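Listed below are the residues making up each chain.
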Amino acid sequence: MNRKTLAAAFPVTVPVLMGYLAIGMAFGLMLQSIGYGAHWALLMSLVIYAGSGQYLGVSLLAAGAPLPHVAFMTLMVNFRHLVYGLSMLEKFRGMGSRKFYMIFSLTDETYALLSSAQAPEGVDEHDFFFTVAMLNHSYWIAGSVAGALLGAALGFDTTGVDFAMTALFLVIAVGQWRAAGSHIPALLGGAATLASLLLAGAEDMLLPALAIIVIALTLLRPRLEGTHEREEETPCP
Amino acid sequence: MPLSPIQALASIAVMAVVTFLTRALPFLLFDRGDHPPKLVLYLGRVLPPAIIAMLIVYCLKGVTFTTLGGWLPPLIAGLAAVLLHLWKGNDLISIFGATVLYMVLVQGIFV
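Residues numbered from 1 in each chain as written. Chains lettered and ligands numbered in written order. Predicted model: local features only at pLDDT ≥ 70, side-chain atom pairs only at ≥ 80, totals over all residues.

1. Overview of the overall build of chain A
Looking only at helices and strands, one finds 12 helices and zero strands in chain A. Written out in order from the N terminus, the α and β elements of chain A read α-α-α-α-α-α-α-α-α-α-α-α. Computed over its C-alpha atoms, the radius of gyration of chain A comes to 19 Å, within 12% of the 18 Å expected for a compact globule of 237 residues. Expressed as a percentage of its 237 residues, the buried residues of chain A come to 49%. Taking the intrachain contacts of chain A between residues at least 6 apart in sequence as the baseline, contacts between residues at least 24 apart amount to 80%. (Helix = DSSP H or I, 4+ residues; strand = E, 2+ residues; numbered from the N terminus. Rg over C-alpha atoms; globule rule 2.2 N^0.38 Å. Buried ≥ 20, exposed ≤ 12 C-beta atoms within 10 Å, placed from the backbone. Contact = placed C-beta atoms within 7 Å.)

2. So, the overall build of chain B
Summing up its helical and strand segments, chain B has four helices and zero strands in all. In sequence order, the secondary structure elements of chain B are arranged as α-α-α-α. Here the C-alpha radius of gyration of chain B, 20 Å, is well above what a compact globule of 111 residues would show, namely 13 Å. In terms of overall dimensions, chain B has a C-alpha envelope of 60 × 40 × 30 Å along the principal axes. Residues counted as buried form 41% of the 111 residues belonging to chain B.

3. A word on the domain arrangement of chain A
Domain parsing of chain A yields domain 1 (3–179) and domain 2 (181–237). Domain 1 of chain A and domain 2 of chain A are separated by 24 Å when their C-alpha centres are compared. (Domains from an automatic or database assignment.)

4. What about the nonpolar core?
The biggest cluster of nonpolar side chains holds 103 residues, and the ones touching the most others in it are A164, L168 and F169 of chain A together with A50, M54 and A98 of chain B. Looking at which element gives the most residues to this core, the answer is helix α2 (residues 38–59) of chain B, with 13 residues. Counting contributing residues, this core receives three or more from each of domain 1 (3–179) and domain 2 (181–237) of chain A. Filtering out sequence-adjacent residues up to four positions away, M54 of chain B remains in contact with G189, T193, A209, L210 and I213 of chain A. (Core = buried A, V, L, I, M, F, W, Y, C linked by C-beta atoms within 7 Å.)

5. Re the packing of helix α7 (residues 108–116) of chain A against helix α8 (residues 125–154) of chain A
All names here are of chain A. At their nearest, the axes of α7 and α8 sit 10 Å apart, and the two run at 155° to each other. Considering their axes alone, α7 and α8 lie roughly antiparallel with respect to each other. As for how α7 packs across α8, the hand of that crossing is right-handed. Packed against α7, whose contacting residues are E109, T110, L113 and L114, the element α8 presents F129, V132, A133 and N136 at the interface. For the contact of α7 with α8, the class distribution of residues is five nonpolar, two polar and one charged. (Axes fitted to C-alpha atoms, helices over the stretch in contact; angles between N-to-C directions. Parallel < 35°, antiparallel > 145°, perpendicular 65-115°, else oblique. Left-handed = near helix turned anticlockwise from the far one by under 90°. Nonpolar A, V, L, I, M, F, W, Y, C, P; charged D, E, K, R; others polar.)

6. Thoughts on unusual backbone geometry
Residue and element names in this part refer to chain A. Backbone geometry at Y49 places phi at a positive 55°, although glycine is not the residue there. Locating Y49 in the fold gives a position in the loop between α2 (38–47) and α3 (51–63). Given 25 C-beta atoms within a 10 Å radius, Y49 is considered buried.

7. A closer look at the interface of chain B and chain A
On the side of chain A, 74 residues touch chain B, which itself brings 60 residues to the contact. Counting residues per element, the ones that place at least two in the side of chain B that touches chain A are α1 (5–30), α2, α3 (68–88) and α4 (91–109) of chain B. Tallying contributions element by element places α2 of chain B first for the side of chain B that touches chain A, with 18 residues. Residue classes in the side of chain B that touches chain A are distributed as 46 nonpolar, nine polar and five charged.

8. Focus on the environment of D124 of chain A
By the element assignment, D124 of chain A lies in the loop between α7 and α8. C-alpha separation for the pair D124 of chain A and P15 of chain A, spaced 109 residues apart in sequence, amounts to 22 Å.

9. So, the confidence of the model for chain B
Summary statistics for chain B give a mean pLDDT of 89 and a share of 98% for residues scoring 70 or more. In the predicted assembly, ipTM is 0.85 and pTM is 0.76. (pLDDT = per-residue confidence, 0-100.)

10. Here we look at the environment of I52 of chain B
Examined against the element boundaries, I52 of chain B turns out to sit in helix α2. On the basis of neighbour count, I52 of chain B is assigned to the buried category, with 27 C-beta atoms found within 10 Å. Separated by 57 residues in sequence, I52 of chain B and I109 of chain B have C-alpha atoms that sit 29 Å apart. Other than its neighbours up to four places away in sequence, I52 of chain B contacts F169, I172, A173 and Q176 of chain A.

11. Digging into α4 of chain B
Over its 19 residues, α4 of chain B extends 26 Å from the first C-alpha to the last, a length consistent with the 27 Å expected when each residue adds 1.5 Å. Along α4 of chain B, the positions that sit buried rather than exposed are D91, S94, I95, A98, T99, L101, Y102, M103 and L105 of chain B. Where α4 of chain B is buried, its residues touch α1 (3–33) and α9 (163–179) of chain A together with α3 of chain B. (Expected span 1.5 Å × (residues − 1).)

12. So, α9 of chain A
Taking 1.5 Å per residue as the helical rise, α9 of chain A with its 17 residues ought to reach 24 Å, and the 25 Å between its terminal C-alpha atoms agrees with that figure. Counting buried positions along α9 of chain A gives 14 out of 17 residues, so the element sits mostly inside the fold.

What follows is the structure, encoded as structure tokens:
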């Protein structure tokens, strides 16, 4: 990447810099609190690179979850990425070998920036996309390593730091609630999962909940099909 | 740490591969200029809010109602996250503020 592309991309990524340092640090602290230090934070942020996915990853590692369970939970929490790819098909076309990295690094924030930001005059669009993606990834890695180091250095009681995951999902839900044309999907998701928790128990709640959600939403399609999102709003990784 | 380093590495590898697959699938399926089926587009649009609601309930599955400390801290901190976000609209403030509040509540008040 050249200096001109970097100068164009950096200002665009500043909001993500702030957000990723904060959310990344909370991740590093959580990971450190279950006994995995900075090198684990570095590895996870380097190869997984997904905010809510890695938050969930902490609880999966802490619980010693079996691999099929890890795969299923990761699939659930990252399911929304399927939608992002659909709207990036055109933008990434012709990016050659860099396309692999663009797809890998398609987080909520990078998606939000790429769907709105424009490369300025004289800067190659694909170079610009690639630079934005790499900058965001570097902020995420820096934040999570800093969090793990800080947790180890300060040695304070981190009981309750795992609430950051709940807070993150609540924040995403607030953004979705404001942008949604219909609140039925969100209400249905909550109600179905609550019912599943009561009937199937905490260990086996997710699969029945997801089945109810997919079937109910498919049946509700005639009713929900016309409700469009007001505006794209994707506040969290 | 219930996992050996090798098991932890395997878990992280699974997370990495599955995360990448969720991002790559649309490109694998529809990058030839085909239009995705309407049902896929529809589910892609309505599923995310339902899944996030599901995950919130999942996060709160450990809530108990036998003691005040079992349900009041997540309720207060959860409300704080929502209200902070409605008020400031800043991810950083909402997530950090609510988490710090929760930590104070469970460590200092509802021990």
